[in-house]
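Each chain, written out:
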Amino acid sequence: MTTQIPHYVTEMNSPLGALTIVATDKGVCHIHFGELTKCMATLKAWLTKQGRKGDLIPCENTLKPICEQLQQYFSGERTRFSVPLDLCGTEFQKKVWNTLSEIEYGETKSYKEIAQKVGAPKAVRAIGGANNQNPVPIIIPCHRVIGSNGNMVGYGGGLDKKELLLSLEGAIEKIS
């Protein structure tokens, strides 16, 4: 069933480049690496896939709190986010995302450690898949997940962005 709800969208500059942020009245539901004008088709496809129907309404004011918190994070003033989220995903994905949210600023965990924590020790690939589908990177810190060998592996935004985020948090020195 498709529900018709407004989705507010804005773009902000960051050390990672442009970030496009989408939220509903309930909370932030998507962060996309890239400029708004270049990702509209991707965002509309994402909304359809999530069973959501509605317009993407440009609205800086509604998204000001998340933009402020992201700027604070990038400037080193914030280590946790306190904005509400409106996530769409399977129960398994949400369980993984909740577990990712427990990884402390400046720390890393392996996919294997996350699999064990969610009670699915053999589901390392499924953990990687859920990590890859994280709709709100940075807020849910999927960049803090590394390979069991200590190497940086996979990141939806690209390994250069993952490296920048981990460096910002002081975690890059801890990675092989």
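Up top is the structure these notes are about.
All of these numbers come straight from a predicted model, not from anything done at the bench.

Asks: Quick question: what am I supposed to make of the packing of aromatic side chains here?
Replies: Pairs of aromatic rings are described using the distance from one ring centre to the other and the angle between the two planes. Enumeration according to the criterion identifies four aromatic pairs in this entry. Measuring from centroid to centroid gives 5.4 Å for Tyr 73 and Phe 74, while their planes differ by 70°, and the two rings are edge-to-face. With a relative accessible area of 0%, Tyr 73 lands in the buried category. Considering the side-chain rings of Tyr 73 and Phe 81, the 5.6 Å spacing of their centres and the 40° angle between planes classify their relative orientation as tilted. Aromatic rings pair up to connect Tyr 73, Phe 74, Phe 81 and Tyr 105 into one cluster.

Asks: What is the right way to read the side chain of Thr 24 from this model?
Replies: Structurally, Thr 24 can be placed in the loop between strand S3 (17-23) and strand S4 (28-33). On the accessibility criterion, Thr 24 (5% relative accessible area) is buried. Engagement of the side chain of Thr 24 in a polar contact is seen with the backbone nitrogen of Lys 26, the distance being 3.0 Å. Here Asp 86 takes part through its side chain, which lies 2.6 Å from a polar atom of the side chain of Thr 24.

About the criteria used
Residues numbered from 1 in each chain as written. Predicted model: local features only at pLDDT ≥ 70, side-chain atom pairs only at ≥ 80, totals over all residues. Heavy atoms only, no water. Phe/Tyr/Trp six-rings, centres within 6.5 Å; stacked < 30°, edge-to-face > 60°. Buried < 20%, exposed > 50% of the residue type's maximum accessible area, 1.4 Å probe, protein only. Helix = DSSP H or I, 4+ residues; strand = E, 2+ residues; numbered from the N terminus. Polar contact = N/O pair within 3.5 Å; in protein donor to acceptor, adjacent residues only side chain to side chain.

Just distances and angles here, no functional claims.
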